[in-house]
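# Observations on the model geometry
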Amino acid sequence: GENVEQHPSTLSVQEGDSAVIKCTYSDSASNYFPWYKQELGKRPQLIIDIRSNVGEKKDQRIAVTLNKTAKHFSLHITETQPEDSAVYFCAASTETSGSARQLTFGSGTQLTVLP
Amino acid sequence: DTAVSQTPKYLVTQMGNDKSIKCEQNLGHDTMYWYKQDSKKFLKIMFSYNNKELIINETVPNRFSPKSPDKAHLNLHINSLELGDSAVYFCASSQDHEQYFGPGTRLTVT
């Protein structure tokens, strides 16, 4: 089955600096890579995703890059703000049947933005 | 309106009891999921239902049984609860790629 590794497990940055979180996956059949943000006591919420036919995607201060050859993908947050503090999860997904997709999550990164 | 809802939000019970968690989605999605998030925040899929059929069944104990009365509901029933079942359980739904999560149910087994 799919295995997703995520680094670092904790990351502290100064407000205004950039943050980068990296993930690797093992199953070359994975074709969808979402990133979720989970604030304390809340549900995971999708912040950005990328499909295997695209190398990079950007949404305001957030960008994701994908290297299918190396099976790496990364989340980049620029101009970090205290409200960016949360746990971030990467995931890799393959389609099973119908519309179902099996998401395998990384172990999470606790991002702390220091004011 | 809440897209994916779960009840209860908190559940405290003793070992050996049987309990259920309910999930409903009003998004018209075809697929629903149950995830378990342990104390270390690991998120792991337990079950998936597509059009009322179980299509993913990860290696969870058979004390856990998902039940889907219709496309909008996926309930989780747990028999003979154990201490290790303490976790946050999230329901989710999807139509294509994006999965929408419910608010979670924090289960504590004492």
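Here, every reference points to the structure presented above.
Heads up: these notes are all about the structure in this document. Each chain carries its own residue numbering, running from 1 in the direction its sequence is written. Chains carry letters and ligands carry numbers; both start at the beginning, A for chains and 1 for ligands, and go up in the order they are written. Restriction of local features to residues with pLDDT of at least 70 applies here, the model being predicted, together with a cutoff of 80 or more for giving and counting side-chain atom pairs; totals for whole chains, interfaces and linings are based on all residues. In computing side-chain properties, one takes all heavy atoms of the structure into account and sets aside hydrogens as well as water.

## Concerning the sheet that holds strand E7 (residues 62–67) of chain A
All names here are of chain A.
- DSSP calls a pair of strands paired once it identifies at least 2 bridges connecting them. In this description a helix means any DSSP run of H or I spanning at least four residues, a strand means any run of E spanning at least two, and both kinds are numbered starting from the N terminus. The strand order across the open sheet formed by five strands is E1-E3-E8-E7-E6, and the pairing between neighbours is antiparallel. The open sheet has two free edges, formed respectively by strand E1 (4–7) and strand E6 (56–59), since each of these has just one partner strand. Looking at each pair of strands side by side, their axes are set apart by 15° on average, direction ignored.
- Here six bridges tie E7 to strand E8 (residues 72–77), and the two strands are oriented antiparallel to one another. Note on geometry: axes are lines fitted to C-alpha atoms, helical ones only across the stretch in contact, with angles between N-to-C directions running from 0 to 180 degrees.

## Thoughts on the interface of chain A and chain B
- At the interface, 20 residues of chain A touch 26 residues of chain B.
- Here the buried area means the combined drop in accessible surface, using a 1.4 Å probe, for two parts upon being joined, counting both sides. For the pair chain A and chain B, the summed buried surface comes to about 2,000 Å²; carbon and sulfur atoms form 54% of the total.
- Each reported salt bridge corresponds to a side-chain nitrogen of Lys or Arg within 4 Å of a carboxyl oxygen of Asp or Glu. Where chain A touches chain B, the interface holds one salt bridge.
- Arg51 of chain A is the salt-bridge partner of Asp96 of chain B, the closest N and O atoms lying 3.9 Å from each other.
- For the purposes of these results, a polar contact is taken to be a pair of N or O atoms within 3.5 Å, where, inside protein, one atom must be able to donate a hydrogen and its partner to accept one; residues adjacent in sequence count only when each atom of the pair is a side-chain atom. On inspection of chain A and its partner chain B, the count reaches four residue pairs in polar contact (both at pLDDT 80 or more).
- Mapped by element, the contributors of at least two residues to the side of chain A that touches chain B are strand E4 (32–38), strand E5 (45–51) and strand E10 (101–105) of chain A.
- No other element matches the four residues that E10 of chain A contributes to the side of chain A that touches chain B. We call two residues in contact whenever any of their non-hydrogen atoms come within 4.5 Å of each other.

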